[in-house]
Structures are given as C-alpha cells and as structure tokens.
Amino acid sequence: MKRFLSFVLISTFVVISPAHSAPNKIAVKPLKLVTSISNSEGTAGFLVAGTSIVLYGTSGENSFARAIDVNGQTLWNIELDPNSPSIATSGVIDSEGNIWIAGATSLLRPTPAPLPSPALNPDSVTVTSEVFHPDLNALALWKIPAGSTEPILFTSQQSSPVLITAIAVDKKGISLVGIAQASKGSSGFVVSVSLLGEFGVPVFIGKTSTTFDSVVRNVDGSTTLTGASAETIGGKKLAGVVDGVIVKLSKTNTIKTVIRSSAIRAKRNWNSATPTFLLGGEVVIGKKIESAVTKFTKSYVPSWTYRFLSTGPVFTQGSTYALFASSGVISQLKRWAPKVPQPILLKFDSKGTIIEASYAPSDQREIIAITNSKELGILCLTQNAQTISIFSVSN
C-alpha cells in the first residue's frame with residue numbers, strides 16, 4: 001500500500017453547529033472488552049457474520065480474511081488473492097449472509113525464471129525470480145458465500161492505480177467508491193457491480209483533488225457519495241482550503257446535487273455516512289482539529305450537528321452512534337477531560353441529544369471501525385501498538 005501511489009489525499013468537512021443543551025450531564029461508562037488479538041498487522045475493518053467476527057485487510061503484499069469467535073480463537077484464515085499482490089480495504093455483508101470484500105489487485109502475474117540446464121549450471125546455483133511489484137490498477141471484489149471459506153474473485157482492469165475506500169450493498173447490487181490516480185493528482189470515483197460480479201463503467205468526479213470515503217445506495221436507485229474536494233464539482237466552487245462534499249448521483253450516474261462545506265479557512269471531509277444520513281468527518285482549522293457529527297434529512301438539510309475536539313475522523317452507525325478519538329472536554333458529559341486522545345462512543349436520540357457515552361482505554365490510539373449486528377450488537381474495533389481490540393457497549 002505504501003508503494004501504491006503518491007496521491008494528494010484530501011480531507012475534511014461539516015456544517016453549522018447549533019447549541020445543544022441537556023438537563024443533566026451524562027455519565028461516561030467503559031466499553032466492554034470482547035476480545036484482543038495480537039496478530040493484527042494490516043487489519044482494515046471487520047464484519048459480523050452470525051456470532052463470528054470477520055477481520056479483513058492486508059499483510060505485506062497479500063490481502064486476507066480471518067474469522068474469529070468472541071473469545072478471539074481463529075475459525076478460519078484465508079488469502080484472498082494468493083496469485084498476486086493485492087489489498088483489501090472495505091467490506092460488507094449482504095442480506096443473504098454473503099461476505100463482500102473490496103480492494104485492488106494486479107492482473108499481471110509473475111513469470112517464473114527459466115531453470116538453467118545441468119550442463120550450464122554445474123554448481124547447482126538456485127535461480128531466484130526478479131522482484132515483482134506491479135501497479136494495483138485493477139478493482140478487486142471478493143465474494144465469500146454464506147457458509148463457505150472459498151473466496152470468488154471478480155476484477156475490473158483500470159488505467160491507473162486505484163484505492164477502494166467504501167462499499168455498499170442492497171438487493172439490487174453493489175456500489176464501490178474510492179480514489180484513482182490522475183495525471184495531476186487524484187480523482188474520486190464510483191462504480192456499480194451486479195450481485196453476479198459484473199462491473200459497470202466507473203464514474204470519475206474531479207480531476208486533481210477529490211476523494212470519496214463513503215457511499216449510500218438510496219431506495220430510489222440514486223447514490224449518495226461523501227468525501228472531500230479542493231476543486232469545482234458540479235459547478236460548485238471551492239469555499240475553504242478543502243471542502244467536505246456530499247454528491248448525489250441519479251440512477252444514470254449524472255450529478256444531481258452537490259453540497260459543500262463553507263468554512264473559508266478549513267480543511268474538511270465527510271469520512272463516514274449511514275443510510276439514514278448520519279455523517280461524520282473532520283474539521284481542521286490551523287492547529288485545531290475537531291470531529292463533526294451531523295444528521296441530515298433525505299434532502300441533505302442538517303437537522304442537528306456537533307463538533308468535538310479530537311484527532312479528526314468519525315465513524316457513524318445507524319441513526320444514533322458516533323465513534324471518534326476525543327481530545328478535549330465534552331460539555332454534555334460528566335468529568336470527561338482526556339489527557340491524551342481517547343476513543344469515545346456517543347449515542348444520540350432523534351433530536352440530537354446525547355443520551356449515552358462509553359469509552360475505550362486510552363492506550364487504544366487508533367480507531368478502525370464500528371459495526372452493528374443482531375447477534376452481537378454494537379461493536380467497536382480499535383488498535384494499539386501490540387493488539388487490535390473489539391469492544392461492545394456495556395449493559
């Protein structure tokens with residue numbers, strides 16, 4: 001992934017921040033540790049399949065998927081693409097229980113070096129093949145059918161290196177969003193894929209400095225993309241240093257709506273979005289970094305919004321949860337003033353009032369993901385230097 005490209009990765013975004021008042025401050029409770037795993041290199045995310053937890057990511061140059069139980073015991077562990085370098089960066093489970101993991105690969109395959117004949121190799125010297133470092137310029141989508149551990153790979157060759165940042169699925173198909181290397185920077189893109197693994201034609205948005213980090217498949221067949229951009233999109237010009245953007249595409253993939261942040265000196269990004277339009281992202285103005293959490297209506301009008309001192313990115317879930325690394329006082333919470341950035345999970349009601357707050361230990365410096373399942377409830381995935389840990393909400 002380090003050799004992947006020299007993207008100009010853009011970040012940051014949000015809305016206005018009305019005041020929120022609560023009659024009583026909320027006590028902050030500890031999250032419950034489900035399990036910790038020491039072998040955690042390259043984990044990009046996780047999914048819940050029944051009572052199994054599926055981790056996916058990239059170890060070295062190989063993408064993987066690994067299922068564990070709630071005790072951290074490995075149930076199965078597979079290479080997704082053993083024939084070529086690849087990365088796995090986003091995943092989802094459909095209503096049938098099939099696992100879909102997206103990333104990038106190369107359709108080039110190393111050519112074995114020819115073995116010298118015995119007459120020309122009297123000292124039996126071992127011939128090693130040349131180092132193989134192809135560009136990851138093919139979209140990769142792996143399907144692990146429900147009840148199986150055999151991945152099926154679907155690919156689509158692209159003209160430049162690509163990075164998938166998010167995936168969404170419904171009964172009609174799959175949407176992938178990400179970043180593609182462009183001649184002068186980076187371009188955001190979205191591509192539709194059928195449930196049979198048939199790729200559509202990617203739609204590229206922006207030419208120099210646009211990224212998309214989340215995607216929502218709307219019930220009317222349209223698609224909502226969120227991310228960041230430092231260039232004009234759909235006729236809407238740049239307002240800040242980098243604007244957070246919400247882009248709605250029609251069924252035919254034409255731009256219908258573009259909503260940009262408006263802070264003049266800010267770098268902003270919407271890095272997460274849920275089907276109910278609870279968005280999370282970062283706001284950077286000078287040395288000040290905040291997390292923004294905003295609930296939008298279906299027409300992209302903000303219903304309520306917050307900003308919290310933090311390390312930036314926010315992971316949202318459903319209509320009510322936001323997970324981020326808090327770095328300052330949150331006025332609605334009792335005795336919350338972390339000395340170092342610390343993961344906190346906030347729950348909101350329909351009006352945007354904070355009604356619950358839970359924290360992970362301060363040594364969990366990196367937040368990876370949040371998910372929800374019928375069997376295991378809300379789960380948070382975090383990481384420190386030694387392990388990755390999975391936490392749930394305490395009763």
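Structure shown above.
What you see is a predicted model, and the numbers here were worked out from it, not measured in a lab.

Novice: Quick one: what's the story with the packing of aromatic side chains, residue by residue and with numbers?
Specialist: For the coordinates displayed, the defined rule picks out 10 aromatic pairs. For the pair Trp-270 and Phe-296, a centre-to-centre distance of 5.9 Å together with 90° between the ring planes defines the contact as edge-to-face. Within this pair, whereas Trp-270 is found in strand 19 (residues 267–273), its partner Phe-296 is found in strand 21 (residues 288–296), the two being separated by 26 residues in sequence. Assigned by exposure class, Trp-270 and Phe-296 land together as buried. Both rings, one in Trp-304 and one in Tyr-306, keep their centres 5.8 Å apart while their planes meet at 75°; by these two values the pair is edge-to-face. Like Trp-304, the residue Tyr-306 is buried in the burial classification.

Novice: Break down the side chain of Ser-214 for me, with residues and values.
Specialist: Position of Ser-214 relative to the elements: it lies in strand 15 (residues 210–217). Classification of Ser-214 as buried rests on a relative accessible area of 7%. A distance of 3.1 Å separates the side chain of Ser-214 from the backbone nitrogen of Ala-273, its partner in a polar contact. In this view, Ser-214 contacts Ala-166, Val-177, Thr-224, Leu-225, Thr-226, Asn-271, Ser-272 and Ala-273; residues no more than four positions away in its chain are not counted.

Novice: Describe the pairing of strand 5 (residues 62–68), naming the residues involved and giving the relevant values.
Specialist: Residues in a regular strand project their side chains so that they alternate between the two faces of the sheet. Burial runs high along strand 5: 6 of the 7 residues are buried. Sheet analysis places strand 4 (residues 52–59) next to strand 5, joined by 7 bridges and oriented antiparallel. Across the sheet, the residue bridging to Ser-59 is Asn-62, located in strand 5. Between strand 4 and strand 5, which pair antiparallel in sequence order, lie 2 residues; one of them, Gly-60, sits at a positive phi of approximately 65°.

Novice: How would you sum up unusual backbone geometry? Please name residues and give values.
Specialist: Despite not being glycine, Asn-253 has its phi angle at roughly 65°, a positive value. In this structure, Asn-253 sits in the loop between strand 17 (243–249) and strand 18 (255–260). Its identity as a non-glycine residue notwithstanding, Tyr-300 has a phi of 70°, on the positive side. Structurally, Tyr-300 can be placed in the loop between strand 21 and strand 22 (302–309). According to the relative accessible area criterion, Tyr-300 is buried, its value standing at 7%.

Novice: Before we move on, could you go through the sheet that holds strand 29 (residues 388–392) and cite the residues and values that matter?
Specialist: The 4 strands are arranged 2-29-28-27 in an open sheet whose pairing can be described as antiparallel. Each edge of the sheet is formed by a strand with only one pairing partner; in this case those strands are strand 2 (32–37) and strand 27 (366–373). Within the sheet, the average angular offset between the axes of one strand and its neighbour, ignoring direction, is 20°. Alignment of strand 28 (residues 377–383) against strand 29, held across 5 bridges, turns out to be antiparallel. Looking across to strand 29, one finds that Gln-383 is bridged to Ile-388.

Cut-offs and rules
- Numbering of residues begins from 1 in every chain and follows the order in which that chain's sequence is written.
- Thresholds applied to this predicted model are a pLDDT of at least 70 for local features of residues and 80 or more for the giving and counting of side-chain atom pairs; totals over whole chains, interfaces and linings are not thresholded and use all residues.
- Working from all heavy atoms in the structure, the side-chain values ignore hydrogens and water.
- Geometry of aromatic contacts follows a simple scheme: Phe, Tyr and Trp rings, the Trp one being its six-membered ring, pair when their centres are within 6.5 Å, and the pair is stacked under 30 degrees between planes, edge-to-face over 60, tilted otherwise.
- Helix and strand definitions follow DSSP, with helices as H or I runs of at least four residues and strands as E runs of at least two, each counted in order from the N terminus.
- Each residue's exposure class comes from its accessible area (1.4 Å probe, protein chains only) as a fraction of the maximum for that residue type: buried when under 20%, exposed when over 50%, partly exposed otherwise.
- Side-chain atoms alone can form a polar contact between residues adjacent in sequence; in general such a contact is a pair of N or O atoms within 3.5 Å, and within protein one must be able to donate a hydrogen while the other accepts it.
- Note on contacts: a residue pair is in contact if any heavy atoms of the two residues lie within 4.5 Å.
- Pairing between two strands requires that DSSP report at least two bridges joining them.
- Axis angles are defined between N-to-C directions and span 0 to 180 degrees, where every axis is a line fitted to C-alpha atoms and, for a helix, only to the segment in contact.

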